[in-house]
Amino acid sequence: MTAGHRTFVAIALPEGIRDDLAALQRGLAIGRPVPPENLHLTLAFLGDQTDEALEEAHLALSGLRAATFDVQLAGVDVLGEQAPRLVFAGVAPNPALAQLERAVVQALRAAGLRFARQRFRPHVTIARLSGAPGWSEIGALRHYLAGHAGFRPPPFRVDGFGLWRSHLSRKGARYEELARYALSAG
Ligand code: ATP
Ligand code: MG
């Protein structure tokens, strides 16, 4: 264990969208659904960071200027190399979102933070699967994905993003918003 804080940068979801995602989760018979308060859209995973690094991150993100934009969730899919690990709601192609991810990563790097950058694949995780699924689970999953391919809740306005800390435990992760950064209207 390191002494750092497990941190990420993410967009919180409005209640209406979380309700739509909860309805989507109810149709899935396998895996562990993400609790409603944990549903989010990750911009960057920073991993373990020290208090000092988080201060720098906060300063850098406070100085970031970007405009509000809309996000359209679209479809459901799974992620996992050998076996599906998680089920997510997809995000319709969104240049403003991609630009915000780049701006966040650049601001944090310029502030001296060190973290591995992954290819940005915007998504909202709705359930996690553990262990290799059996044939019946794979069948159920296929059926679920086909049945919800048309998932398309109303678009929502992104008017800010946050710096989050994740507290892991056997009961699952609990997230804590350390700071929120507003985007400017228009
Ligand atoms: P758990 O890991 O207990 O299932 P969790 O995934 O919700 O819970 P974290 O692992 O702390 O909690 O993840 C916080 C956020 O960072 C989530 O959006 C997660 O997808 C993302 N994340 C976690 N680890 C990585 C990683 N190695 N690479 C990219 N993103 C990650
Ligand atoms: Mg995790």
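Structure's up top.
Residues numbered from 1 in each chain as written. Chains lettered and ligands numbered in written order. Predicted model: local features only at pLDDT ≥ 70, side-chain atom pairs only at ≥ 80, totals over all residues. Heavy atoms only, no water.

## Some details on the nonpolar core
The condition that has to hold: We define a nonpolar core as any set of buried Ala, Val, Leu, Ile, Met, Phe, Trp, Tyr and Cys residues linked to one another through side-chain atoms lying within 4.5 Å. Three labels apply to residues, based on accessible area from a 1.4 Å probe with only protein chains included: buried if under 20% of the type maximum, exposed if over 50%, partly exposed otherwise in between. Helix and strand assignments follow DSSP, with helices taken as H or I runs no shorter than four residues and strands as E runs no shorter than two, numbered in order from the N terminus. Residues count as neighbours in contact if any of their non-hydrogen atoms are within 4.5 Å of one another.
Ranked by size, the top nonpolar core spans 50 residues in total, and within it V9, L21 and F161 carry the most contacts. Residue contributions to this core peak at 6 residues, all from helix α3 (residues 95-110). When near neighbours in sequence (up to four residues on either side) are disregarded, F161 contacts V9, A10, I11, L43, L61, L64, L100, V104, A179, R180, Y181 and L183.

## Topic: the pairing of strand β3 (residues 40-49)
We apply this condition: Whether two strands pair depends on DSSP finding at least two bridges between them.
In terms of burial, β3 is a largely internal element, 7 of the 10 residues being buried. As paired elements, strand β1 (residues 5-12) and β3 share 8 bridges and run antiparallel to each other. For I11, the partnering residue across the bridge sits in β3 and is L41.

## Brief notes about the site of ligand 1
Heads up, the condition is: Here, proximity means that at least one heavy atom of the residue falls within 4 Å of the molecule or strand. The term polar contact refers here to a pair of N or O atoms within 3.5 Å; inside protein, the definition further demands a hydrogen-donor-capable atom paired with an acceptor-capable atom, and it admits residues adjacent in sequence only when both atoms are side-chain atoms. Note on areas: Shrake-Rupley with a 1.4 Å probe; residue coverage comes only from the protein chains shown.
If you check the shell around ligand 1, you find R6, F8, H40, T42, F45, Q118, R128, S166, L168, A173 and Y175 and nothing else. Q118 places a polar side-chain atom, nitrogen or oxygen, 3.0 Å from a nitrogen atom of ligand 1. At 2.8 Å, a side-chain N or O of R128 approaches an oxygen atom of ligand 1. The fraction of the free accessible surface of ligand 1 (600 Å²) that becomes covered by protein chains is 71%. Contributing elements (two or more residues each) for the shell around ligand 1: β1 and β3. Considering every element that reaches the shell around ligand 1, the biggest residue donor is β3, with 3 residues.

## Considering the sheet that holds strand β10 (residues 174-182)
Pairing between the strands of a sheet is mediated by backbone hydrogen bonds and can be parallel or antiparallel. Short version of the rule: Axes here mean lines fitted to C-alpha atoms, for a helix over just the part in contact, with angles spanning 0 to 180 degrees between N-to-C directions.
An order of β3-β1-β9-β10 is seen for the 4 strands of this open sheet, with the pairing classed as antiparallel. If you trace the sheet from one side to the other, it starts and ends with β3 and β10, each paired once. For this sheet, the mean angle separating the axes of adjacent strands, direction not counted, is 25°. When strand β9 (residues 160-167) meets β10, the two strands line up antiparallel, connected through 8 bridges. Across the sheet, the residue bridging to G162 is R180, located in β10. Of the strands in this sheet, β1, β3 and β9 touch α3, which is tilted by about 15° from β3.

## What to know about the environment of F151
Mapped onto the secondary structure, F151 falls in the loop between α4 (135-147) and β8 (156-158). A relative accessible area of 12% places F151 in the buried class. Counting along the chain gives 131 residues from F151 to D20, while the straight-line C-alpha distance between them is 9.2 Å. F151 has contacts with D20, L21, L24, L73, A74, G75 and A89, leaving out every residue within four places of it along the chain.

## Focus: α3
Basically, it comes down to this: To estimate the expected span of a helix, count its residues, drop one, and scale the result by 1.5 Å. Arc definition: it is the arc formed by the directions from the helix axis to the C-beta atoms.
Taking 1.5 Å per residue, 16 residues should reach 22 Å; α3 reaches 22 Å between its end C-alpha atoms and fits that length. Looking at α3, one finds that the buried residues are L97, L100, E101, V104, V105, A107 and L108. When α3 is viewed along its axis, its buried side chains cluster within an angular range of 165° and face the same direction. Among the exposed residues of α3, those oriented more than 90 degrees off its buried face are P95, Q99, Q106 and A110. In this fold, the buried residues of α3 make contact with β1, β3, α2 (51-62), β4 (69-71), β6 (86-91) and β9. N-capping of α3 is provided by N94, with a side-chain oxygen placed 3.2 Å from the backbone N of A96.

## Notes on the side chain of Q49
Structurally, Q49 is set in strand β3. On the basis of relative accessible area, Q49 is assigned to the buried category, the value being 5%. One polar contact links the side chain of Q49 to the main-chain carbonyl oxygen of R114, over a distance of 3.1 Å.

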